[in-house]
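So the chains spell out like this:
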Amino acid sequence: MTFDTLGLSDPVLRAVAETGYTQPTPIQEKAIPTVLMGRDMVGLAQTGTGKTAGFTLPMIDILAAGRAKARMPRSLILEPTRELAAQVAESFEKYGKYNRLTHALLIGGESFDGQDKLLDRGVDVLIATPGRLLDQVERGKVLLRDVKVFVIDEADRMLDMGFIPDIERVVKLLTPLRQTLLFSATMPPEIRRLADAYMINPKEVAVDRSATTAVTVSDVVAIVPDRDKRATLRAIIRTDKVSSALIFCNRKRDVDILQRSLVQHGFDAAALHGDLAQETRTATLDSFREGRLTILVASDVAARGLDIPDVSHVFNFDVPYNPEDYVHRIGRTGRAGKAGRAVTIATPADGKSLDAIQKLIGRKIERLDLEGSLDDSALEETDRPRGRGRSRSNGRARAEAVPERRDAKEKPRTDKPRTDKPRRNGRPAPKPRPAAELTDEPVVGMGDHVPAFLQKPKRKAV
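Definitions and limits used
- Sequence order as written defines residue numbering, which begins from 1 separately in each chain.
- Per-residue local features of the predicted model are confined to residues with pLDDT of at least 70, and side-chain atom pairs are confined, for both listing and counting, to 80 or more; whole-chain, interface and lining totals are unaffected and use all residues.
- Calculation of side-chain values draws on the structure's entire complement of heavy atoms; hydrogens and water are dropped beforehand.
- Note on classification: 1.4 Å probe, protein chains only; a residue is buried when its accessible area is under 20% of the maximum for its type, exposed when over 50%, partly exposed between these limits.
- Strands are runs of DSSP state E lasting at least two residues, helices are runs of H or I lasting at least four, and both sets are numbered from the N terminus onward.
- Think of it as the arc spanned by the lines of direction from the helix axis to the C-beta atoms.
- Every residue pair with non-hydrogen atoms within 4.5 Å of one another is taken to be in contact.
- Two N or O atoms form a polar contact when they lie within 3.5 Å of each other; inside protein one atom must be a possible hydrogen donor and the other a possible acceptor, and for residues adjacent in sequence the pair counts only when both atoms belong to side chains.
- Strands are labelled as partners when DSSP assigns at least two bridges between them.
- Look down the strands so they point away from you; if the path from the first strand over the helix to the second goes clockwise, the crossover is right-handed.
- What we call a nonpolar core is a set of buried Ala, Val, Leu, Ile, Met, Phe, Trp, Tyr and Cys residues that are connected through their side-chain atoms within 4.5 Å.
- Throughout, an axis means a line fitted to C-alpha atoms (over the contacting stretch in the case of helices), and angles, computed between N-to-C directions, take values from 0 to 180 degrees.
- Pairing of aromatic rings covers Phe, Tyr and the six-membered ring of Trp, with a centre-to-centre limit of 6.5 Å; geometry is then stacked below 30 degrees between planes, edge-to-face above 60, and tilted otherwise.
- Either the NZ atom of lysine or the CZ atom of arginine qualifies as a charge over a ring when it sits within 6 Å of the ring centre and within 35 degrees of the ring normal.
- In predicted models, pLDDT denotes the confidence assigned by the predictor to each residue on a 0 to 100 scale.
- Salt bridges, as used here, are contacts in which a Lys or Arg side-chain nitrogen is within 4 Å of a carboxyl oxygen on Asp or Glu.

> Is there a simple way to think about helix H5 (residues 112-121) in this case?
Along an α-helix, a turn takes 3.6 residues, which lines up residues three or four apart on a common side. Residues of H5 that are buried: Gln-115, Asp-116 and Leu-119. Within H5, the buried residues cover an arc of 105 degrees as seen down the axis, which keeps them to one side. Looking at H5, the residues exposed on the side facing more than 90 degrees away from the buried face are Asp-113, Lys-117 and Arg-121. Considering only its buried residues, H5 is in contact with strand E3 (103-106), strand E4 (125-128) and helix H6 (130-138). Where H5 begins, the side chain of Ser-111 points an oxygen toward the backbone nitrogen of Asp-113, at a separation of 3.2 Å. Phi turns positive one or two residues past the end of H5, at Gly-122, with a value near 100 degrees.

Following this line, the structure appears as structure tokens:
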């Protein structure tokens, strides 16, 4: 099947042909005709299968006729992260260049002034993250009564990030006469409830069972002690001759720590997480996409939906808390039919998390034989991470030396004879101080008439 058979207009087909795509993916093949019919739809497909084009292409045709009004967008697309929102905006620019459609991007980290100017002109497509959209609604800059097509993208990620209450607030601001599209890689019960509550007889389009990994990705797991995780990661990168890699950590602070460690060991690495400024995040992603950066250490902000071509390896430096995040992470490699490799570095304490992942994907992850796969010199003791300021061996030596110093303090002194003074708490009692006696000398500056209780005490010479 080709794009010509899906019912798209000639301008859209022309733009698609110029991008080099000739055949639609399974999710595009099933979703595009349904969207063009104006029906509500739930699209389920594993990450990296082209869900974005599955709704952007038909939306361009639907919105081609009509004109936007000031502050009243004709369609709304909600995305969980800024990067995904920016990626969808790029898709509209790429596929809609032969249609006179306007779009605006409402994301955090950007100036309100520039976004206000776009909204005042009127936009056909509004792409936003929930937080910034509600901010603009409260400021009176956006009215959602004219939205005809409403898209919730990466719905399961919205759930993980706690955006479901915000989505419910947004839905209440929309007109009931709308088309609602929901796309997700997995369908947990909460998302199913959302679809049942806000969609009218939706058609479910699924191309793969939920939570499956791409066949083009070979994934393995290496189980090592926690102190050897960084050394193992560096050894695998050197041995596999990685050309481009995404490394995922569970916490943002660990992203920065690991990135600095890799740079200190001579690797070309940068960090990406939600605490960075949007300008920095955009520049880092562009460098990685264009091949000017080899390794990108990231939090799960880069795990969902980002279209980064030619990623040869994905490393899970931490086993994800949520088993479904494993599917999204390793889906960053092996895209567009290319082969990819995913390596998870786990510790013995991660056994339950690994079991949950294997139960979710329905198979066992192959163990990586470190002795047979890595050079003998790759895991030398000198390549292992050290503590702050001292090695473990030095710490043990210092701990063993402490009892000897304590014993030395408790030895009797030989320069002075011991006495039979009573001991208190194991130490000699201090000598009693001589009692002070009161004198008739007045306090200086008080005159001759000084009460007895204010008179200065004076000690006798001993």
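> Which parts of the structure should I look at to understand the pairing of E3?
For a regular strand, side chains alternate in direction, first toward one face of the sheet and then toward the other. Alternating residues of E3 divide into Ala-104 and Leu-106, all buried, and His-103 and Leu-105, none buried. Sheet analysis places E3 next to E4, joined by 4 bridges and oriented parallel. Looking across to E4, one finds that Leu-106 is bridged to Ala-128. Chirality of the crossover, the property in question, places the unit of E3, H5 and E4 among those that are right-handed.

> Whenever I open this one, the nonpolar core confuses me. Can you help?
Across soluble globular proteins, you tend to see nonpolar side chains buried next to one another. Residues Leu-57 and Ile-77 are the most contacted members of the largest nonpolar core, which totals 33 residues. Of all the secondary structure elements, the ones that give two or more residues to this core are helix H1 (10-19), helix H2 (26-36), helix H3 (51-63), helix H4 (82-95), E4, strand E5 (149-152) and strand E6 (179-184). With 6 residues, H3 is the largest single contributor of residues to this core. Those residues in contact with Leu-57, other than ones at most four positions away along the chain, are Phe-3, Leu-8, Val-12, Val-16, Ile-32 and Tyr-95. Leu-134, Leu-144, Ile-167 and Leu-194 belong to the second-largest nonpolar core, a separate cluster that totals 31 residues.

> Even after reading the chapter, I still don't get the sheet that holds strand E14 (residues 366-367), so can you show me in this structure?
Taken together, 7 strands build an open sheet; the order of strands is E10-E11-E9-E12-E13-E8-E14 and the sheet is parallel. Each edge of the sheet is formed by a strand with only one pairing partner; in this case those strands are strand E10 (269-272) and E14. Direction of pairing for strand E8 (residues 217-223) relative to strand E13 (residues 340-346): parallel, over a ladder of 7 bridges. Bridging from a neighbouring strand, Val-220 pairs with Val-343 of E13. Strands in contact with helix H11 (residues 252-264) are strand E9 (245-248), E10 and strand E11 (295-298); relative to E10, the strand with the most contacts, it is inclined by about 170 degrees.

> When you look at the packing of aromatic side chains in this model, what are you seeing that I'm missing?
Aromatic ring pairs are defined here through the distance separating the ring centres and the angle between the ring planes. By the definition in use, this model includes 1 aromatic pair. Ring centres of Phe-55 and Phe-183 lie 5.2 Å apart, and the angle between their planes is 45 degrees; this geometry places the pair in the tilted category. Taken as a pair, Phe-55 in helix H3 and Phe-183 in strand E6 lie far apart in primary sequence, 128 residues in all. The pair formed by Phe-55 and Phe-183 is uniform in burial state, with each residue classed as buried. For Arg-14, the ring lying beneath its charged end belongs to Tyr-98, and the centroid distance is 4.0 Å. Sitting over the ring of Phe-317, Lys-229 keeps its end group 4.5 Å from the ring centre.

> Looking at this model, I keep getting lost on H2. Mind explaining?
Every buried residue of H2 is accounted for by Ile-27, Gln-28, Ala-31, Ile-32, Thr-34 and Val-35. Of the surrounding elements, those touching the buried residues of H2 are strand E1 (41-44), H3, E6 and strand E7 (203-206). Remark: Gly-38 follows H2 within two positions and exhibits a positive phi of approximately 85 degrees.

> Help me understand the side chain of Lys-229 in this model?
You can see Lys-229 is positioned in helix H10 (residues 229-240). Among the residues examined, Lys-229 registers a relative accessible area of 6% and is labelled buried. Setting aside residues no more than four positions away along its own chain, Lys-229 makes contact with Val-224, Phe-317, Asp-318, Ile-345 and Thr-347.

> Hey, could you run me through the confidence of the model for the chain in this one?
Caution applies to low-pLDDT regions: their predicted coordinates should not be interpreted in detail. Averaged over all residues, the pLDDT of the chain equals 81, while 77% of them reach at least 70. Low pLDDT, under 50, characterises residues 381-411; the stretch is placed with 18 contacts to residues that sit more than four places away or in other chains.

> For this particular structure, what's the right way to read the pattern of salt bridges?
One side chain can pair with another of opposite charge once the charged atoms of both are near each other. Within this structure, the stated rule accounts for 19 salt bridges. A salt bridge links Glu-138 to Arg-169; the shortest N-O distance between them is 3.3 Å. In this pair, Glu-138 sits in helix H6 while Arg-169 sits in helix H8 (residues 164-172), placing the two residues 31 residues apart along the sequence. The exposure class of Glu-138 is exposed, given its relative accessible area of 57%. The exposure class of Arg-169 is partly exposed, given its relative accessible area of 42%. Among the ionic pairs, Asp-219 bridges to Arg-363, the shortest N-O distance being 2.9 Å. Placement of Asp-219 in strand E8 and of Arg-363 in the loop between helix H14 (351-361) and E14 is noted, with a sequence separation of 144 residues between them. Using a relative accessible area of 7% as the deciding quantity, one classes Asp-219 as buried.

> How do you make sense of the pairing of strand E12 (residues 313-316) when you look at a structure like this?
What you see with E12 is no split at all: His-313 and Phe-315 on one side and Val-314 and Asn-316 on the other are buried throughout. Here E12 runs beside E13; their pairing, made up of 4 bridges, is parallel. Bridge pairing in E13 links Phe-315 to Val-343.

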